[in-house]
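Analysis of the macromolecular model
Here is what each chain is made of, one letter per residue.
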There are 2 protein chains.
Amino acid sequence: MLHVNENYSKIKPTYLFAEIAHRVSAHQAANPEAKIIRLGIGDVTEPLAPAVIEAMHKAVDDEAGKGAFYGYGPEQGYAFLREKIAKVDFQDRGIDISADEILVSDGAKCDCGNIQELFAQDVKIAVGDPVYPVYVDTNVMTGRGYSLLTCDAANGFVPGPEGCDADVVYLCYPNNPTGAVATLEQLQAWVDWANAKKSLILFDAAYEAFIRTPGIPHSIFECRGAKTCAIEFRSYSKTAGFTGIRCGYTVVPKELVAYAADGSEVNLKAMWTRRQTTKFNGASYITQRGAEAIYSPEGQAQTKATIDFYLENARLVREALSKLGYTVTGGVDSPYIWVDVKGDSWDFFDKLLKEANVVTTPGAGFGKAGEGYIRISAFNSRENVLEAIERIGKVL
Amino acid sequence: MLHVNENYSKIKPTYLFAEIAHRVSAHQAANPEAKIIRLGIGDVTEPLAPAVIEAMHKAVDDEAGKGAFYGYGPEQGYAFLREKIAKVDFQDRGIDISADEILVSDGAKCDCGNIQELFAQDVKIAVGDPVYPVYVDTNVMTGRGYSLLTCDAANGFVPGPEGCDADVVYLCYPNNPTGAVATLEQLQAWVDWANAKKSLILFDAAYEAFIRTPGIPHSIFECRGAKTCAIEFRSYSKTAGFTGIRCGYTVVPKELVAYAADGSEVNLKAMWTRRQTTKFNGASYITQRGAEAIYSPEGQAQTKATIDFYLENARLVREALSKLGYTVTGGVDSPYIWVDVKGDSWDFFDKLLKEANVVTTPGAGFGKAGEGYIRISAFNSRENVLEAIERIGKVL
C-alpha cells in the first residue's frame, strides 16, 4: 500500500490567488456587464521589449535549422546568458559575481521553492510576516515548521535580525507584498548576523529593477561578506515582462558553504548544481536568447522604459490612496502599494470588488501581520489604473 | 549553523553524461583533428517541424502585443494544449483520458524527478536495472533506498512483477537505455499486480512515438484498470525534437488514490496539482503554442516523418552491429540500440571513442546489469550514422 507525504495535508488546499480568482469569477458571473479591472495578482500587461521579440524570432529560426540547432543545453544555462548577467547585473555595478556563480532557470518561483531541498530536515526557517506564500508552503510540504519575522509599521516593514535564531532566513526587497525597501545598513545587519551564526540568507531580489532611489541596494552582494552567507534569486518576470516566457536565475557564490552533521563544510553551489542537473533540464533555448537581449543597449533602454511606466502607475495609485486618507507603503522603488485599510482585509477586498469592480489582494492572504492591509499592483494600462483610481475614490 | 541534506552525498558526484563529456573533451583535446561523431546522449539533431516553427513565431508576436498578451498561465498548462493532448494522444486511440487529467510541464525529466515528493519517506521503490538515472538519484536525494528489477537477455529486458514488493515501481517502455518494448500482456501483469497490492506504477512513455509495430501499447492506460494504479509521463523531446524547447506532460487519472497513515484515501491528482501550483509556474507560452502545433494534421505528418528518419538510422545501426556478430536489442520501435559487447562497457566505449572517434554510452553507466553493453543512439544525420557504421566496422 502506497503511503503519501502527509505534510501536504498541513498546507491550505487553496492557494491565495486561486481563492481570489474564485471570488472574481463569482462576481463576474453575477454581474456579467461589470468591467472588472485587475490590480491583484502581480502579472505584467505590457508587451515584451522589441529587442527581446527580435531575439526570440531569431532563436525560433535557429530551431528551424536556419542557424545552429540547439537541443539539450547546459542545465545551468547557456554561457552567452550567464556571462551577460554577471557583467551587467553585477560587475558593472561593482559587485564581484562571476558567470560560474549564476544558474539560469525557468523562473524564481521554482528556485525559491526548490532550494530548501539542500537543507537538513530539522533546520530552523524564518520568514517575514506578511510573506510570499511559496517560502512557507515549500517548507511545510517537507514537514518543517518556521518562525515569523513581523513586518509592520513600527519597523517600517523591515525587521532586523535581533533575537532571530534561524538557520535559514528568507528576505525579499523590494518586498512582496509590502513594497518596502531595505537600506544597505539594514541588509548589512542581516549579513553580519548570518556570518556570525553560520546561517544562510535566501535573498529574493525579483523586484530589484524597480529601484530608482540612489543608495538602495539592488543585490545582497552589495553587502560586505555576503558571499559567505547568501544566495540570491532574480527574475525576469517583472524586470522584462517574462511572466509567460519563464526565466530567472539564482546566484550561489563559489565560497558559500553549509555544514554536514560532523561539522565539515559542504559547498552549496555544488549541491545546487547537482539538484538542477538531476531534476531540471535547462530553460528553453528561445527563452534564454530572449533574456540575453535584455542586456543589449536597446534591451536595457526598452525594459527600463516599461518599468518607468509601471512606476508612474504606482505613483498615481499611491497618491490617490494617500489623498483619500489612507496610510500607504511601497509604490516607490516597487510595483506594489500596501494600504492600511483600517479594517478587515477580505472585507475591504470584497468592497472594492463588488462596489468598484476592482481586484486587489487582501493582505491577510500573505499572513497574520498582513491583516488590515490590501496590496494593489501597478501592473495594468494607464487607462485602467486611472479608471480604477476614480472608481475607488467614489466608493471609499 | 546550517546543516545540509546529507543524502546528497550518497549519490555519485558526477552524472553519467558529464563523465562521458569529460572523456570526449580529453580525447578531442589530445586529437584536435579528429572528427568525432556523437551517438551517445539521446539528443535530437533534426530541425523542428515547420508547423511548430510557424506556431512559435506567431506566439512570439502575441508577446509583442500583436495578439493577446499571455502572462502567467495556468501552472497545469493551457487548455488549448491539454484538450488536444487528451483527444489525439488518448481519445482518438480509444483511451479514456480527459483534458483535466493532463498536467503540462517543462519536461518529463522534471516530472519524473519531482513526483516522488508526493510519497511518504519510507515507501519501497523499485526500478529497472539498467535504468535512466533520474529515477534512482531523485529518491536517493531524499534518503530512500530502492530495489532493482533486473532487465537482461533472459527476460527479454522486460521483468515481470513476480516477487516484487515495492509500493512504487518505475517502468519505461520503449525502454531507455535498452530499446526494449513491452507487450500489452506484460504491462497488464504489472497493472493487475499494482491494483492487487495498492501500489503505484510510474510509467515513462517518453519514447512512445517511436512505436511502429501494431499491438505494442503506447500508453499504460491501454491496460484494464490502469487508471487506479498508474501515472504516465510523456515528453515532446524525442517525439517532436523539443529537447531545447522544453515541454512534456504527466497524466494523473482523477480516480487515482494513495493512502494516509490511517488508511484513508488521498487523491494523487490533487496532490500533484498542489505540488505544481506551489513550486512551478507553467511552461513557456511560446513552447506550449509550439506543442499545440504538433497536433495539427501538418504537425502530425511532419513529426512522424522525422521519427521515421531516426528509425531508419536505428535500423542501419542495428543491422550493421548484427552483421558484425553482436547481439542487439532495440532499434525497432525505439531510437536506442543496446549492444552486448562481450566485455567491459567502459573499455568498449573507450575503444570506439579512441579508435573510431564515435561516442556511445557505456551500459554500466545505467546500472550493474548494464555492464557488458553499450547504448547507441540513432539521433544524428544519415551521413554521420553511415560514417560511424563504417568506422565501427573497421575497428571491431
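Criteria and thresholds
Residues numbered from 1 in each chain as written. Chains lettered and ligands numbered in written order. Predicted model: local features only at pLDDT ≥ 70, side-chain atom pairs only at ≥ 80, totals over all residues. Heavy atoms only, no water. Helix = DSSP H or I, 4+ residues; strand = E, 2+ residues; numbered from the N terminus. Rg over C-alpha atoms; globule rule 2.2 N^0.38 Å. Buried < 20%, exposed > 50% of the residue type's maximum accessible area, 1.4 Å probe, protein only. Contact = heavy atoms within 4.5 Å. Areas by Shrake-Rupley, 256 points an atom, 1.4 Å probe, with all protein chains shown as cover. Lys, Arg positive; Asp, Glu negative; His and termini not counted. Charge placed at Lys NZ, Arg CZ, Asp CG, Glu CD. Least-squares fit on C-alpha atoms with pLDDT ≥ 70 in both. 1 Å grid on protein atoms, 1.4 Å probe; cavity = no way out; pocket = protein on both sides within 12 Å on 5 of 7 lines; lining within 4 Å. Points joined across faces, edges and corners; volume = space filled by probe spheres on them. Nonpolar A, V, L, I, M, F, W, Y, C, P; charged D, E, K, R; others polar. Pairing = 2+ DSSP bridges. Axes fitted to C-alpha atoms, helices over the stretch in contact; angles between N-to-C directions. Expected span 1.5 Å × (residues − 1). Polar contact = N/O pair within 3.5 Å; in protein donor to acceptor, adjacent residues only side chain to side chain. Domains from an automatic or database assignment. Buried area = accessible area lost by both parts, 1.4 Å probe. Salt bridge = Lys/Arg side-chain N within 4 Å of Asp/Glu carboxyl O. Phe/Tyr/Trp six-rings, centres within 6.5 Å; stacked < 30°, edge-to-face > 60°.

**Quick look at the overall build of chain A**
Secondary structure assignment for chain A yields 11 helices and 15 strands. For a compact globule of 396 residues, the expected C-alpha radius of gyration is about 21 Å, and chain A comes in at 21 Å, within 12% of that figure. By its C-alpha atoms, chain A is 60 × 55 × 55 Å across when sized along the principal axes. When the 396 residues of chain A are sorted by exposure, 63% land in the buried category. In chain A, the proportion of contacts linking residues at least 24 apart, taken out of those at least 6 apart, comes to 71%. Summed over its atoms, the accessible surface of chain A is roughly 13,800 Å², and 53% of this surface lies on carbon and sulfur atoms. Distance from the positive charge centre (40 side chains) to the negative charge centre (50 side chains) of chain A: 1 Å.

**With respect to the relation of the copies chain A and chain B**
With an RMSD of 0.0 Å, chain A superimposes on chain B once it is rotated by 180° and translated 0.0 Å along the axis. The transformation relating the two chain copies, once decomposed into turn and shift, fits a two-fold axis. Scanning chain A for the C-alpha nearest the rotation axis identifies A:His57, at a separation of 3.0 Å. Of the residues that chain A buries at the interface, 100% are likewise interface residues in chain B, meaning the two copies contact each other through the same surface.

**Some details on the layout of surface pockets**
The volume enclosed by the largest pocket comes to roughly 1,200 Å³. Counting only elements with at least two residues in the lining of the largest pocket, the list comes to α1 (16–30), β1 (37–38) and α4 (108–114) of chain A together with α8 (268–279) of chain B. No other element matches the 6 residues that α1(A) contributes to the lining of the largest pocket. Across the lining of the largest pocket, the residue classes tally to 22 nonpolar, 13 polar and 9 charged. Computed from the structure, the second largest pocket encloses a volume of approximately 980 Å³. The set of elements that each furnish at least two residues to the lining of the second largest pocket consists of α1 (16–30), β1 (37–38), α4 (108–114) and α7 (236–239) of chain B. At 5 residues, α1(B) tops the list of elements feeding residues into the lining of the second largest pocket.

**Quick word on the pairing of strand β7 (residues 230–235) of chain B**
Looking along a regular strand, one sees side chains alternate from face to face of the sheet. Residues and elements named next belong to chain B. β7 sits mainly inside the fold: 6 of its 6 residues count as buried. Taking every second residue as pointing to the same face, both faces of β7 are buried, with Ala230, Glu232 and Arg234 on one and Ile231, Phe233 and Ser235 on the other. Relative to β7, strand β6 (residues 200–204) runs parallel, the two being bridged by 4 bridges. Paired with Ile201 across the two strands is Ala230, which belongs to β7. Sheet analysis places β7 next to strand β8 (residues 248–251), joined by 4 bridges and oriented antiparallel. The residue bridging Glu232 from the neighbouring strand is Val251, located in β8.

**Examining the sheet that holds strand β5 (residues 168–172) of chain B**
Residues and elements named next belong to chain B. Taken together, 7 strands build an open sheet; the order of strands is β2-β8-β7-β6-β5-β3-β4 and the sheet is mixed. Looking at the sheet topology across the chains shown, the edges are occupied by β2 (102–105) and β4 (147–150). When strand polarity is set aside, the average angle formed by the axes of neighbouring strands in this sheet is 25°. In the sheet, strand β3 (residues 125–129) pairs with β5 via 2 bridges, with the strands oriented parallel.

**A look at helix α11 (residues 345–356) of chain B**
Residues and elements named next belong to chain B. Compared with the 16 Å implied by 1.5 Å per residue over 12 residues, the 16 Å span of α11 between its first and last C-alpha is a close match. When α11 is considered as a whole, its buried residues turn out to be Ser345, Trp346, Phe348, Phe349, Asp350, Leu352, Leu353 and Ala356. Packed against the buried residues of α11 are α1, β13 (358–359), β14 (361–362), β15 (373–377) and α12 (382–395). Of the residues flanking the start of α11, the one acting as N-cap is Asp344, its side-chain oxygen 3.1 Å from the backbone nitrogen of Trp346. One or two positions beyond α11, positive phi appears at Asn357, with a value near 55°.

**What about the domain arrangement of chain A?**
Residues and elements named next belong to chain A. The domain boundaries assigned to chain A delineate domain 1 (6–48 + 298–395) and domain 2 (50–296). Between the C-alpha centres of domain 1 and domain 2 the distance comes to 25 Å. On the domain 2 side, the residues contacting the 35 residues of domain 1 number 48 residues. Between domain 1 and domain 2 the total buried area reaches about 3,400 Å² when both faces are included, carbon and sulfur atoms providing 63% of it. Its largest share of buried area at the contact with domain 2, domain 1 owes to Leu48, Asp333 and Phe366, together 23% of the area lost on that side. At the junction of domain 1 with domain 2, the criterion picks out 1 salt bridge. One salt bridge in this structure joins Asp308 and Arg212, with 2.8 Å as the shortest N-O distance.

**Looking at the packing of aromatic side chains**
All names here are of chain A. Across all of its chains, the model carries 46 aromatic pairs over all chains by this definition. Arranged with centres 5.9 Å apart and planes meeting at 70°, the rings of Tyr326 and Phe348 form a pair that is edge-to-face. Here the residue Tyr326 occupies a position in the loop between α9 (297–323) and β11 (327–330), and Phe348 occupies one in helix α10 (residues 345–356), the gap between them amounting to 22 residues. For Phe348, a relative accessible area of 9% corresponds to the buried category.

**A closer look at the interface of chain A and chain B**
On the chain B side, the residues contacting the 79 residues of chain A number 79 residues. At the boundary of chain A with chain B, total buried surface from both sides reaches about 6,600 Å², with 60% on carbon and sulfur atoms. The largest share of the area that chain A buries against chain B comes from A:Leu2, A:Tyr72 and A:Arg274, three residues that together contribute 13% of it. The interface formed by chain A and chain B includes 4 salt bridges. Residues B:Asp137 and A:Arg274 are paired through a salt bridge, measuring 2.7 Å at the closest nitrogen-oxygen approach.

**What about the side chain of B:Thr360?**
Along the chain, B:Thr360 turns up in the loop between β13 and β14. Not counting chain neighbours up to four residues away, the residues in contact with B:Thr360 comprise B:Ile20, B:Leu39, B:Gly40, B:Phe349, B:Leu352, B:Ile374, B:Arg375 and B:Ile376.

**A closer look at empty space enclosed by the protein**
Under the criterion given, the structure shown has 9 cavities of 30 Å³ or more. What the largest cavity holds in volume is close to 130 Å³. As for the largest cavity, its lining consists of 17 residues, and the residues nearest its centre are A:Cys110, A:Asn114, B:Cys110, B:Asn114 and B:Phe280. Secondary structure elements with two or more residues in the lining of the largest cavity: α4 and α7 (268–279) of chain A together with α4 and α8 of chain B. In terms of residue class, the lining of the largest cavity is built from 4 nonpolar, 5 polar and 8 charged.

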